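Letter by letter, the chains look like this.
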Amino acid sequence: VGGSSYECQLAVANVILNRLKGGSYGNTVRSVIYAKNQFSVTRNGAMDRYIKNGPRQLSIEAVKDALAGKNNMVGYNNFCYLPSANFSQYESYIIIGSEVFYRRK
């Protein structure tokens, strides 16, 4: 979501941190991000391009704020692209831009 709004980038950062705290996706930020079939940017090469080109300022701000405790996704560990959403499987959800952040039933 590198080109998304600050709010969306903050949400993704918090999903990663929520998953890290939960422990089922790994015990490091890297292991959470690179968990098998979890984030499309690790499968399609976009993550490598982001790393090579350096982070955008807005992304840095969102990550710093998430690490400082600003959490707009308390209890949310999942998200998907809005057209791919299956709302009947969600206990609750929040739409930010083109992403749906959700809790599974």
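Look a little higher up for the structure.
Residues numbered from 1 in each chain as written. Predicted model: local features only at pLDDT ≥ 70, side-chain atom pairs only at ≥ 80, totals over all residues. Heavy atoms only, no water.

Caption draft 1: Representation of the environment of asparagine 78 within the structure. Among the secondary structure elements, asparagine 78 is positioned in strand S1 (residues 78–81). Note on asparagine 78: relative accessible area 7%, which makes it buried. Expressed as a C-alpha distance, the spacing of asparagine 78 and asparagine 18, which sit 60 residues apart in the sequence, is 9.5 Å. Residues within four places of asparagine 78 in sequence aside, it is in contact with Val15, Arg19, Tyr25, Val100, Phe101, Tyr102 and Arg104. A distance of 3.3 Å separates polar atoms of two side chains, one belonging to asparagine 78 and the other to arginine 19. (Helix = DSSP H or I, 4+ residues; strand = E, 2+ residues; numbered from the N terminus. Buried < 20%, exposed > 50% of the residue type's maximum accessible area, 1.4 Å probe, protein only. Contact = heavy atoms within 4.5 Å. Polar contact = N/O pair within 3.5 Å; in protein donor to acceptor, adjacent residues only side chain to side chain.)

Caption draft 2: Expanded view of the packing of helix H1 (residues 6–22) against helix H5 (residues 57–67). The N-to-C vectors of H1 and H5 enclose an angle of 45 degrees; their axes lie 8 Å apart at closest approach. Classified by the angle their axes make, H1 and H5 are oblique. For H1 against H5, the interelement crossing comes out right-handed. Along its contact with H1, which presents Tyr6, Gln9, Leu10, Ala13, Asn14 and Leu17, the element H5 presents Leu58, Ser59, Glu61, Ala62, Val63, Asp65, Ala66 and Leu67. Considered class by class, the residues forming the contact of H1 with H5 number 9 nonpolar, 3 polar and 2 charged. (Axes fitted to C-alpha atoms, helices over the stretch in contact; angles between N-to-C directions. Parallel < 35°, antiparallel > 145°, perpendicular 65-115°, else oblique. Left-handed = near helix turned anticlockwise from the far one by under 90°. Nonpolar A, V, L, I, M, F, W, Y, C, P; charged D, E, K, R; others polar.)

Caption draft 3: Quick peek at the packing of aromatic side chains. Applying the stated rule across the entire model yields 6 aromatic pairs. Summarising the aromatic geometry, the rings of phenylalanine 87 and tyrosine 90 are spaced 5.7 Å apart at their centres and angled 75 degrees between planes, so their arrangement reads as edge-to-face. Take tyrosine 90: its relative accessible area is 7%, and that puts it in the buried class. An aromatic cluster is present here, built from Phe87, Tyr90, Tyr93 and Tyr102 joined pairwise through their rings. Sitting over the ring of tyrosine 25, arginine 19 keeps its end group 4.0 Å from the ring centre. (Phe/Tyr/Trp six-rings, centres within 6.5 Å; stacked < 30°, edge-to-face > 60°. Lys NZ or Arg CZ within 6 Å of the ring centre and 35° of its normal.)

Caption draft 4: Region of interest: the side chain of glutamine 9. Locating glutamine 9 in the fold gives a position in helix H1. A distance of 2.5 Å separates the side chain of glutamine 9 from the side chain of serine 59, its partner in a polar contact. In contact with glutamine 9, not counting residues within four places along its chain, are Val1, Gly2, Ser4, Leu58, Ser59 and Ala62.

Caption draft 5: Region of interest: H5. For H5, the complete set of buried residues consists of Ser59, Ala62 and Ala66. Buried residues of H5 fall within an arc of 65 degrees about the axis and therefore sit on the same side. For H5, the exposed residues lying more than 90 degrees away from the buried face are Gln57, Lys64 and Leu67. Where H5 is buried, its residues contact H1. (Arc of directions from axis to C-beta.)

Caption draft 6: Geometry of the state of the cysteines. Tallied over the entire structure, the rule returns 0 disulfides. The closest cysteine sulfur to the non-disulfide-bonded cysteine 80 is located on cysteine 8, 11 Å from its own sulfur. (Disulfide = S-S within 2.5 Å.)

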